[in-house]
Amino acid sequence: MMEGNQAEMFQKAQAGTLPGELGLQWEEVSAGRARARFVVERKHMAPNGFVHAASVINLVDSACGFGCVASMPDGASGFTTVELKANYLSTAKEGQTVTCEARLVHGGRMTQVWDAEAVNADTGKTMALFRCTQMILYPKS
């Protein structure tokens, strides 16, 4: 398990990857918790004029994944997502900010379960509720 807030390290690590390309900004990545945000730009939009669902999934899934890395048990070498689910409740428009907080619900030796909530910071409305299960990987003996 990593100690303290690792947000700066994860901010740098995402360069050139989907979270970096979509402009996620990390406020906190620590054992059991991650917080991030993005400002909705044209690249986040669906053709209907609202933020694309995949942009929201990028935020919440990345928060859970980065949180998982910061929370891995000793000896673990990585993880992979084995299940995810999202309920969409509202949306955001260009120029608005979407925030996320992810929380570790179960931190076992073989799996972690994470919950995350995406919120439109401009309206205060919950945009999505998200849950995922991560399988913890270990080096082959």
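If you're wondering where the values come from, they're calculated on a predicted model, not measured in any experiment.

Turning our attention to the pattern of salt bridges. What the rule picks out here adds up to eight salt bridges. Between Arg37 and Glu27 there is a salt bridge, with its nearest N and O atoms 2.3 Å apart. Remark: Glu27 occurs in strand 1 (residues 25-30) and Arg37 occurs in strand 2 (residues 33-39); sequence separation between them is 10 residues. Looking at Glu27, the relative accessible area reads 30%, which means it is partly exposed. When the shortest N-O distance is used, the salt bridge between Arg33 and Glu101 registers 3.5 Å. Highlighted residues: Arg33 in strand 2 and Glu101 in strand 4 (residues 97-107), separated in sequence by 68 residues. We classify Arg33 as partly exposed; its relative accessible area is 30%. Owing to a relative accessible area of 25%, Glu101 belongs among the partly exposed residues under this scheme.

This paragraph deals with the state of the cysteines. Counted under the stated rule, the structure contains zero disulfides. Counting only cysteine sulfurs, Cys132 is the nearest neighbor of Cys64, a cysteine outside any disulfide, at a range of 3.9 Å. Note on Cys68: no disulfide assigned, nearest cysteine sulfur contributed by Cys132 at a separation of 7.9 Å. Since its relative accessible area comes to 0%, Cys68 is described here as buried.

The rules behind the values
Residues numbered from 1 in each chain as written. Predicted model: local features only at pLDDT ≥ 70, side-chain atom pairs only at ≥ 80, totals over all residues. Heavy atoms only, no water. Salt bridge = Lys/Arg side-chain N within 4 Å of Asp/Glu carboxyl O. Helix = DSSP H or I, 4+ residues; strand = E, 2+ residues; numbered from the N terminus. Buried < 20%, exposed > 50% of the residue type's maximum accessible area, 1.4 Å probe, protein only. Disulfide = S-S within 2.5 Å.

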